[in-house]
Amino acid sequence: MRDQADALRKKMTGNMNHSTNKQADVIAVVSGKGGVGKSNFTLNFSIGLQKKGKKVLIIDMDIGMANIDILLGQSSTYSIVDMMNEEMSIWSIMEEGPEGIQYIAGGSGLNDLFQMNDMKADHLYRQIESAESAFDYILLDMGAGVNSNSAYFLLSSHSVFLVTTPEPTSVTDAYAMVKYIHHHEPQLRISLIINRSRSVKDGERTAGNVKEVTKKFLGKNIELMSIFPDDNAVWKAVRAQTPFLLHNPGSKPAKAMNETVNIFIAGVTQDETEMKPTFIGRLKGFLRPGS
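Since this is a predicted model, take the numbers as computed values, not measurements.

Peer 1: An account of helix H12 (residues 279-286) is needed here, citing residue identities and associated values.
Peer 2: Phe279, Ile280 and Leu283 are the residues of H12 that are buried. Viewed end-on, H12 has its buried residues packed into an arc of 85°, placing them on one side of the element. Buried residues along H12 sit against strand E1 (25-31), helix H5 (118-132), strand E5 (137-142) and helix H6 (150-156).

Peer 1: I'd love a proper account of unusual backbone geometry, names of residues and values included.
Peer 2: Residues other than glycine seldom take positive phi values, yet arginine 196 does so here, at roughly 55°. Mapped onto the elements of the fold, arginine 196 is located in strand E7 (residues 189-197). Unusually for a residue other than glycine, glutamine 241 sits at a positive phi of about 50°. If you trace the backbone, glutamine 241 turns up in the loop between helix H9 (232-239) and helix H10 (244-247).

Peer 1: Hey, could you go over the environment of isoleucine 80 for me, with residue numbers and the actual values?
Peer 2: As for its placement among the helices and strands, isoleucine 80 is situated in helix H4 (residues 80-85). Remark: the alpha-carbon pair of isoleucine 80 and isoleucine 104, spanning 24 residues in sequence, is separated by 6.5 Å.

Peer 1: Kindly report on the sheet that holds E1, identifying the contributing residues and their values.
Peer 2: With mixed pairing, eight strands are arranged side by side in an open sheet as E3-E4-E2-E5-E1-E6-E7-E8. The sheet is open, and its two borders are formed by strand E3 (95-96) and strand E8 (223-229), each paired with just one other strand. In this structure, strand E2 (residues 56-61) lies alongside strand E4 (residues 102-104), joined through three bridges in parallel fashion. Bridging across to E4, isoleucine 59 finds its partner in isoleucine 104. Against the sheet, helix H2 (residues 38-51) engages E1, E2, E5, strand E6 (159-164), E7 and E8, with an angle of about 170° to E5. Here helix H7 (residues 168-184) sits on the sheet and contacts E1, E6 and E7; the angle it forms with E6, its principal contact strand, is near 165°.

Peer 1: Lay out the pattern of salt bridges in plain terms, naming residues and giving numbers.
Peer 2: Tallied over the full model, the rule gives six salt bridges. Between glutamate 185 and arginine 282 there is a salt bridge, with the nearest N and O atoms lying 3.3 Å from each other. Of this pair, glutamate 185 sits in the loop between H7 and E7 while arginine 282 sits in helix H12, and the two are 97 residues apart along the sequence. For arginine 282, a relative accessible area of 22% translates into the label partly exposed.

Peer 1: Please give an account of the pairing of E1 that cites residues and values.
Peer 2: Taken across its seven residues, E1 has seven buried, putting it largely inside the fold. As judged from the five bridges shared by E1 and E5, these two strands associate in the parallel manner. Along E5, the bridge assignment pairs alanine 28 with leucine 140. Two elements, E1 and E6, share five bridges in a ladder whose sense is parallel. By the bridge assignment for E6, valine 29 is matched with phenylalanine 161.

What counts as what
Residues numbered from 1 in each chain as written. Predicted model: local features only at pLDDT ≥ 70, side-chain atom pairs only at ≥ 80, totals over all residues. Heavy atoms only, no water. Buried < 20%, exposed > 50% of the residue type's maximum accessible area, 1.4 Å probe, protein only. Helix = DSSP H or I, 4+ residues; strand = E, 2+ residues; numbered from the N terminus. Arc of directions from axis to C-beta. Contact = heavy atoms within 4.5 Å. Pairing = 2+ DSSP bridges. Axes fitted to C-alpha atoms, helices over the stretch in contact; angles between N-to-C directions. Salt bridge = Lys/Arg side-chain N within 4 Å of Asp/Glu carboxyl O.

Shown next as structure tokens:
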């Protein structure tokens, strides 16, 4: 086990330029309600980044409903809960997915992460710091909605991807999520993903409504990142337990995902010189035992 973990760590850090002290860009992927395709987006977006030569790690933070491994048709041996309870290395709980992405499964006991003594807290910090310096992107696949526990990870991220559908209840819950984030961390950047849209016009209308209400009542600007069509190619890929980007690369959702990844990378390139606080530095402020 230890040998495998060491080999993976060396593989992921082998081509790093340590002089830059580059830290991963941590992105929290959230939704106001469940069933909007958040995990599917996270998985396919990560694969798209990996195909562009980026090193990507997904951490499944969906308590009790973790499903990244299910979408991949794989069975995970360990979870982030095991890392804490058994004081394991973060590298020993990683699983490899398509195109070389790494992912960490969630666990039903994820709430235990937030009830730590000093020793467990220090272990968590060391493990996350190890991964933070080895990847270009770490995507946190958050559970639907938000609670006082998951909020620590959400608010410590560098940016947020908010996934919703044109369904009215989904839009309402998405706005509630924006309101929560803005109240606690008003400078946190939020990008909107409209999923399962019947048409581009339908997606643009939905995004426009969310942006208008957010600007009017919160004074916050959010940006539309992408619109994904309601397409059977996604359903067929889920049934096949294969990411749609690989199952049907010529489909409309796959083309939309590739375009999304290209736009995202282009935007990041423009902001590369901006200094950001580390994710673990922000997280420590929330997870101090006794705070």
